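# Overview (structure and organization)
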Amino acid sequence: MTSAAQPAPTRPTSRDVARAAGVSQASVSLVLGGKWRGRVSEATAERVRRAAHELGYRPNLAARNLRLGRTRTALLVVPALTNEFFARVYTGAAAVAAEHGFGVVLYPSPDGIGPARDPFASASASLDGVIASSMAAGALGELRGAGLPLVMLDSDPADTGVAARVNLDIADGMRQVAEHLLGLGHRRFVHLASAVDSWTFAVRGRTLHDALRMVPGTSVRTVPAALDVHAGRIAAEHTLAAPGPRPTAIVCDDDILAAGACKAARRLGLRVPDDLSVTGFDDLALATAVEPELTTVRLPAEQVGERGMAALLAVLDDRPAEPGSLPVHLVARGSSAPPPADAPHA
């Protein structure tokens, strides 16, 4: 004769935790929801956490989210999935999100430009907030209208309608490049500038010109190019082959453009860095894949994603986001050196 099936063990509830800890269910909700500070004591919070652990209690997130009107989903809007920098931003954002039971939906704007359609039937019903790169700002039209908190990455501090922002100290990075090349003795510069209309690239160009203007005898010419190796090579070739004294340094807005500039130099029979110094910006994997390796500015991409997600969580909890810009650092490698001894000055 077979014995009757044993009933499945009942799942512990918040009432069980409250009873074991000797507190109210409201206190359990505050502690396990992370909103207990200033409302219950540290000792009580610890007692609740210990009771929940011993009972094996896990909050019912679906019910909690329904009650709070939360989906625990954030949207990360970037200009392109093929750009390594934004892949690293996503890695950082997803790591922080996972720690707090959130998910991150990655949404590239079409071709990196232009308005993107609302990725959900109703963004406000499907998302808790949006994190967006300034390079994809044009894709935010319909999402801005959804009334969701918006955290902008690497964006103009003067922009309005933003719940929080996470910026890199881009200006300081470009100042470090200028000081490095000026210290090596360079005076004739070309700025190979990204043709993308974005705050971050505008800051790079403005800061470079301001830094070089402070040193007598310097000259700088700005040459725009689309943000790819081929466009960077073509623009650099035209500049280096133009009549008149040749520049001794090309300062690029991005490592991708710098790779194009190095290719242009080789095609024209110029040696980097003996005849021409080239610098990048970002410190992508590409920077150490070329030869010589690129002198560039290292941007902490994963930290940008981490700070962006943390800022969104703070906004959702009515807390201030962490202030201040993230520092960046020049990494001097083999693509920069003193100018050739016979280089003419401006």
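Residues numbered from 1 in each chain as written. Predicted model: local features only at pLDDT ≥ 70, side-chain atom pairs only at ≥ 80, totals over all residues. Heavy atoms only, no water.

Attention shifts here to the nonpolar core. Core analysis: the largest hydrophobic core is formed by 44 residues, its most contacted members being Phe 85, Val 151, Leu 153, Leu 168, Leu 299 and Met 309. Contributions of two or more residues to this core are made by β1 (73–78), α5 (84–99), β4 (150–153), β5 (164–166), α8 (170–184), α9 (199–213), β8 (249–252) and α13 (301–316). Counting the residues that make up this core, at least three belong to each of domain 2 (72–168 + 302–325) and domain 3 (170–299). The residues contacting Leu 299, other than those within four sequence positions of it, are Phe 85, Arg 88, Leu 168, Ile 170, Arg 204, Phe 281, Asp 282 and Val 328. Grouped together as the second largest cluster of nonpolar side chains are 24 residues, Ala 236, Val 278, Ala 287 and Leu 294 included. (Core = buried A, V, L, I, M, F, W, Y, C linked by side-chain atoms within 4.5 Å. Buried < 20%, exposed > 50% of the residue type's maximum accessible area, 1.4 Å probe, protein only. Helix = DSSP H or I, 4+ residues; strand = E, 2+ residues; numbered from the N terminus. Domains from an automatic or database assignment. Contact = heavy atoms within 4.5 Å.)

Below, the discussion takes up the packing of helix α10 (residues 229–240) against helix α11 (residues 255–267). Here α10 crosses α11 at 45°, and the two axes come no closer than 7 Å. On the basis of the axis angle, α10 is oblique to α11. Seen from above, α10 lies across α11 with right-handed handedness. Across the interface between the two elements, Val 229, Gly 232, Arg 233, Ala 236, Glu 237 and Leu 240 from α10 touch Ile 256, Leu 257, Ala 259, Gly 260, Ala 261, Lys 263, Ala 264, Ala 265 and Arg 267 from α11. Considering only residue class, the contact of α10 with α11 consists of nine nonpolar, two polar and four charged. (Axes fitted to C-alpha atoms, helices over the stretch in contact; angles between N-to-C directions. Parallel < 35°, antiparallel > 145°, perpendicular 65-115°, else oblique. Left-handed = near helix turned anticlockwise from the far one by under 90°. Nonpolar A, V, L, I, M, F, W, Y, C, P; charged D, E, K, R; others polar.)

On to the side chain of His 186, then. For His 186, the location among the structural elements is in the loop between α8 and β6 (188–194). Of the polar contacts made by the side chain of His 186, one reaches the side chain of Ser 277; its length is 3.2 Å. Polar contacts involving the side chain of His 186 include one to the main-chain carbonyl oxygen of Ala 337, which spans 2.6 Å. Residue contacts for His 186: discarding those within four places in its chain leaves Leu 181, Thr 248, Ala 249, Ser 277, Ala 337, Pro 338 and Pro 339. (Polar contact = N/O pair within 3.5 Å; in protein donor to acceptor, adjacent residues only side chain to side chain.)

Bringing the sheet that holds strand β9 (residues 277–279) into the picture now. Strands pair in a sheet through their backbones, by hydrogen bonds, and they do so in one of two ways: parallel or antiparallel. Pairing is parallel in the open sheet, where four strands are placed in the order β7-β6-β8-β9. In this open sheet, the two edge strands, each paired with only one partner strand, are β7 (219–225) and β9. The average angle at which neighbouring strand axes cross in this sheet is 20°, direction not considered. Two strands pair when backbone bridges link them, and β6 and β7 are joined in this way by seven bridges, in the parallel orientation. (Pairing = 2+ DSSP bridges.)

Residues Ser 27, Val 28 and Val 31 constitute the buried set of helix α2 (residues 25–32). An end-on view of α2 places all buried positions within 100° of arc, on one side of the element. Where α2 is buried, its residues contact α1 (14–21) and α3 (42–55). (Arc of directions from axis to C-beta.)

What follows concerns the pairing of β4. Side chains Leu 150 and Met 152 project from β4 onto one buried face, and the interleaved Val 151 and Leu 153 project onto a second face that is buried too. With four bridges connecting them, strand β3 (residues 129–133) and β4 associate as parallel partners. When the bridges of β4 are listed, Ser 133 appears paired with Leu 153.

Strand order in the open sheet made by the five strands is β2-β1-β3-β4-β5, with parallel pairing throughout. With one partner strand each, in any of the chains shown, β2 (103–108) and β5 form the two edges of the open sheet. For this sheet the average axis-to-axis angle between neighbouring strands, irrespective of direction, equals 20°. In the sheet, β4 pairs with β5 via three bridges, with the strands oriented parallel.

Geometry only, nothing functional implied.
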